[in-house]
Amino acid sequence: MNDRSTTFHDLYAKYAEDVYRFAHWLTGNPHDARDITSETFVRAFTGDKEPRLESVKAYLFTIARNLHHKQWRHTSRHEMFDEAMPDPATQPDEAAANRDEFQRTLAAVQTLPEIDRTVLLLRAEDGLSYEDIAAVTGLSVTAAKVKVFRARAKLASILKPETGEKI
């Protein structure tokens with residue numbers, strides 16, 4: 001990576017939405033998620049080492065998770081997503097039901113311990129491999145697989161009484 005500004009722009013364009021979504025799920029707060037996203041890219045590109053392209057997404061998620069854990073975890077303002085803008089193709093009653101389901105799911109995810117939220121979101125939302133999840137969290141690959149399985153089971157048990165369905 002010879003031209004850091006081009007690399008920064010390209011990687012930011014490619015991964016900023018993923019980092020923001022991950023941070024938003026962790027914090028439950030759009031303002032903190034934007035701050036974490038910005039700080040993640042600042043730290044990634046002002047550090048001594050350049051990220052390796054084959055693991056840059058996991059590297060960025062590691063920074064975001066560490067920022068959440070160290071800086072925002074105890075001071076985070078827990079606000080729900082603003083879902084005021086329904087999908088124009090969705091009927092109002094369906095949009096309301098989807099919004100209610102989303103709010104219940106977000107609330108359930110927020111009740112999980114931070115490590116469970118992290119592994120679940122990295123796997124389900126961002127599609128990271130177990131190897132990348134292990135790298136982000138510091139777990140072994142086997143432990144990452146077990147954590148993801150157990151986090152899914154916990155979330156399903158939380159949501160099951162409300163929805164009557166498994167995830």
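Computed from a prediction, not measured in an experiment: that's the story for all the values here. The numbering scheme is per chain: residues are counted from 1 as the chain's sequence reads. Only residues with pLDDT of at least 70 get local features here, since the model is predicted, and only at 80 or more are side-chain atom pairs given and counted; chain-wide, interface and lining totals rely on the full set of residues. Remark: hydrogens and water are excluded; side-chain values derive from all non-hydrogen atoms of the structure.

**A few points about helix H6 (residues 130–137)**
Each α-helix turn comprises 3.6 residues. Residues three or four places apart therefore point the same way. Exposure is judged per residue with a 1.4 Å probe applied to protein chains only, and the accessible area is read against the type maximum: over 50% gives exposed, under 20% gives buried, and values in between give partly exposed. Helix and strand definitions follow DSSP, with helices as H or I runs of at least four residues and strands as E runs of at least two, each counted in order from the N terminus. Inspection of H6 places Tyr130, Ile133, Ala134, Val136 and Thr137 among the buried residues, and these make up the whole buried set. Viewed end-on, H6 has its buried residues packed into an arc of 165°, placing them on one side of the element. Just beyond H6, the residue with positive phi is Gly138, at close to 85°. Summarising the geometry, the arc corresponds to the directions from the helix axis toward the C-beta atoms.

**Structural notes on the environment of Val42**
Within the element layout of this structure, Val42 appears in helix H2 (residues 30–46). Between the alpha carbons of Val42 and Phe8 there is a distance of 9.5 Å; along the sequence they are 34 residues apart.

**Some remarks on the pattern of salt bridges**
Salt bridge, as used here: a side-chain nitrogen of Lys or Arg that lies within 4 Å of a carboxyl oxygen of Asp or Glu. Applying the stated criterion across every chain yields a total of six salt bridges. Of the charged contacts in the structure, one is a salt bridge between Arg43 and Glu39, with a shortest N-O distance of 2.8 Å. With Arg43 and Glu39 both in helix H2 and four residues apart, the pair spans about one turn of that helix. For Arg43, a relative accessible area of 37% translates into the label partly exposed. In this structure, a network of salt bridges that share partners links the residues Asp18, Arg21 and Lys57.

**Considerations on the packing of helix H5 (residues 114–124) against H6**
Viewed as axis vectors pointing N to C, H5 and H6 meet at an angle of 145°, and their least axial separation amounts to 10 Å. Once H5 is placed against H6, the crossing between them reads as right-handed. Between H5, through Ile115, Thr118, Val119, Leu122 and Arg123, and H6, the contact on the second element is made entirely by Tyr130, Ile133, Val136 and Thr137. Every axis corresponds to a line fitted to the C-alpha atoms, with the helix fit spanning only the stretch in contact, and the corresponding angles, defined between N-to-C directions, vary from 0 to 180 degrees. Whether a crossing is left-handed or right-handed is set by the direction in which the near helix is turned from the far one by less than a right angle, anticlockwise for left-handed and clockwise for right-handed. Here, residues are in contact when the closest pair of their heavy atoms is within 4.5 Å.

**Some details on the packing of aromatic side chains**
Aromatic ring pairs: the centre-centre distance and the angle between the two ring planes describe each pair. Two rings from Phe, Tyr or Trp (for Trp, the six-membered ring) form a pair when their centres sit within 6.5 Å of each other. Planes less than 30 degrees apart are called stacked, planes more than 60 degrees apart edge-to-face, and all others tilted. Tallied over the entire structure, the rule returns two aromatic pairs. An angle of 65° between the planes, with centres 4.7 Å apart, marks the rings of Tyr12 and Phe41 as edge-to-face. Residue Tyr12 is found in helix H1 (residues 4–27), and its partner Phe41 is found in helix H2; the two are separated by 29 residues along the sequence. The class for Tyr12 is partly exposed, based on a relative accessible area of 35%. Relative accessible area serves as the criterion here: at 1%, Phe41 is assigned to the buried category. On the numbers, 4.8 Å between centres and 40° between planes, the contact of Phe22 with Phe61 is tilted. A residue pair is termed long-range when its members are at least 10 positions apart, and Phe22 in helix H1 and Phe61 in helix H3 (residues 56–72) qualify at 39 residues. Summarising the burial analysis for this pair, Phe22 and Phe61 share the class buried. For a lysine, the NZ atom is tested; for an arginine, the CZ atom; a charge sits over a ring if that atom is within 6 Å of the ring centre and within 35 degrees of the ring normal. Above the face of the Tyr130 ring, Arg123 is positioned so that its terminal group lies 4.1 Å from the ring centre.

Just geometry here; none of it tells us what the structure is for.
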